[in-house]
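Residues per chain are reported as follows:
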Amino acid sequence: MRFRAKIVDLACLNHFSRVINTIARLAKTCTLRLTVCKLYFILSDKVANGGVSMWCELCQGNFFDEFQMEGVAAEHNEIYLELVPENLSRALKTAQNAKAVKIKLTNKHCPCLRVAVELPSLSSSSRIVTHDIPVGVIPRRLWNDFREPSVPDFDVSIYLPVLKTMKSVVERMKNLSNVIMIEANLSGEMNLKIETDLVSVTTHFKDLGNPPWASEDGCQSSTQGRDLESMAEARIDIKKLQQLLAGQQVNPTKALCNIVSKRIVHFILLHEDVSLQYFIPALA
């Protein structure tokens, strides 16, 4: 099992750092899945137990100048590692104007991702700062626990308003309640609501638009035959929503949300070379 990669391009390095920062804000620990073409950051707190799930996918070719890996076996050419993304984020903070960053899977005393940051120096020799980030190697028999979550059969899918706007609304509401209701319909309308014994606050968004989803067999999902005005709704933990919005260091080109009434809210944030899915279960 071997892995080594190198980033030389500064823009790619900064972009990669921003992605890792976002992940560090969303997950204390997560699984890093390495394949020949892609990296995945996966958080699978079982949604059934009230935990959030995350699936973030990057194409390695858009970030790395060199990328070599050999998986566990020829027919299973993948590596699954458990890590604390905050540690990787901290290591990359030292690389803001680095000449190059090398990442390598090593196993001196325990398995580690070694991040070697080559910094510019005044003399001819360069300074190299290394960080060893402990990782756990996830055995092959557990890989099935980390499959891509399936997109639920939603009642409404809608584009999100500008995330900065949404974030400031949610931050204000967070001071009033721990629970937020998200509701949306197929006419491009979405409401964020909180209701307590003392106060009821609603923010309305209009003309957001609904994505033209079609499932594999070409027929629409369960939105078919739905009344365009009727709202699908889910009450969720406001802190989990705020975490998602506060963590966005990468401004997505598309952001949308699928609601399965009273069950789950599924967010999809798409960037040119990164896609992030985030699932927040509804509260009873």
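Not measured: the values here are computed from a predicted model.

Draft legend 1. Expanded view of the overall build of the chain. What the chain contains, in helices and strands, is 4 helices and 18 strands. The globule rule puts the C-alpha radius of gyration for 284 residues at 19 Å, and the 21 Å found for the chain is close to it. Seen through its C-alpha atoms, the chain measures out along the principal axes to roughly 65 × 45 × 30 Å. Going through the 284 residues of the chain one by one, you find that 47% of them count as buried. Within the chain, contacts between residues at least 6 apart in sequence are counted, and of these 64% link residues at least 24 apart. Put simply, the chain shows about 14,300 Å² of open surface, and 49% of that area lies on carbon and sulfur atoms. The chain carries 33 positive and 30 negative side-chain charges, and their two centres are separated by 9 Å.

Draft legend 2. Quick peek at the sheet that holds strand S7 (residues 100–107). Pairing within the open sheet is antiparallel, and its 5 strands lie in the order S5-S1-S7-S8-S9. What marks the edges here is a single partner per strand, and that holds for strand S5 (66–70) and strand S9 (127–134). Mean inter-strand twist for the sheet, computed between neighbouring axes without regard to direction, equals 15°. Two strands pair when backbone bridges link them, and S7 and strand S8 (residues 111–119) are joined in this way by 8 bridges, in the antiparallel orientation. If you follow Ala100 over to S8, its bridge partner there is Glu118. Its contacts with the sheet place helix H2 (residues 85–93) against S7, S8 and S9, and it is angled at close to 175° to S9.

Draft legend 3. Spotlight on H2. Where H2 is concerned, the buried positions are Pro85, Leu88, Ser89, Ala91 and Leu92. Down the axis of H2, the sector holding all buried residues measures 160°, keeping them to one side. Turning to H2, the residues buried within the fold contact helix H1 (10–26), strand S2 (30–34), strand S6 (79–83), S7, S8 and S9.

Basis of the calculations
- Residues take numbers from 1 onward in each chain, read along the sequence in its written order.
- Since the coordinates come from a predicted model, pLDDT governs what is reported: local features require at least 70, and pairs of side-chain atoms require 80 or more to be given and counted, while whole-chain, interface and lining totals use all residues.
- Hydrogens are left out, water is left out, and the side-chain values use all remaining heavy atoms of the structure.
- In this text, helices come from DSSP runs of H or I with a minimum length of four residues, and strands from runs of E with a minimum of two, each type numbered from the N-terminal end.
- The globule rule is 2.2 Å times the number of residues to the power 0.38, and the radius of gyration it is compared with is taken over C-alpha atoms.
- Relative accessibility thresholds used throughout: buried, under 20% of the residue-type maximum; exposed, over 50%; partly exposed, between the two (1.4 Å probe, protein chains only).
- Any two residues whose heavy atoms approach within 4.5 Å are treated as being in contact.
- For every accessible area listed, the method is Shrake-Rupley and the probe measures 1.4 Å; residues are considered covered only by the protein chains on display.
- The charged-residue count follows a simple rule in which Lys and Arg add positive charge and Asp and Glu add negative charge, with His and chain termini not counted at all.
- Charge placement uses NZ in Lys and CZ in Arg. For Asp and Glu, CG and CD serve respectively.
- Being paired, for any two strands, means DSSP has found at least two bridges between them.
- Note on geometry: axes are lines fitted to C-alpha atoms, helical ones only across the stretch in contact, with angles between N-to-C directions running from 0 to 180 degrees.
- In this context, the arc is that of the directions from the helix axis out to the C-beta atoms.

Read these as layout, nothing more, since geometry by itself doesn't imply function.
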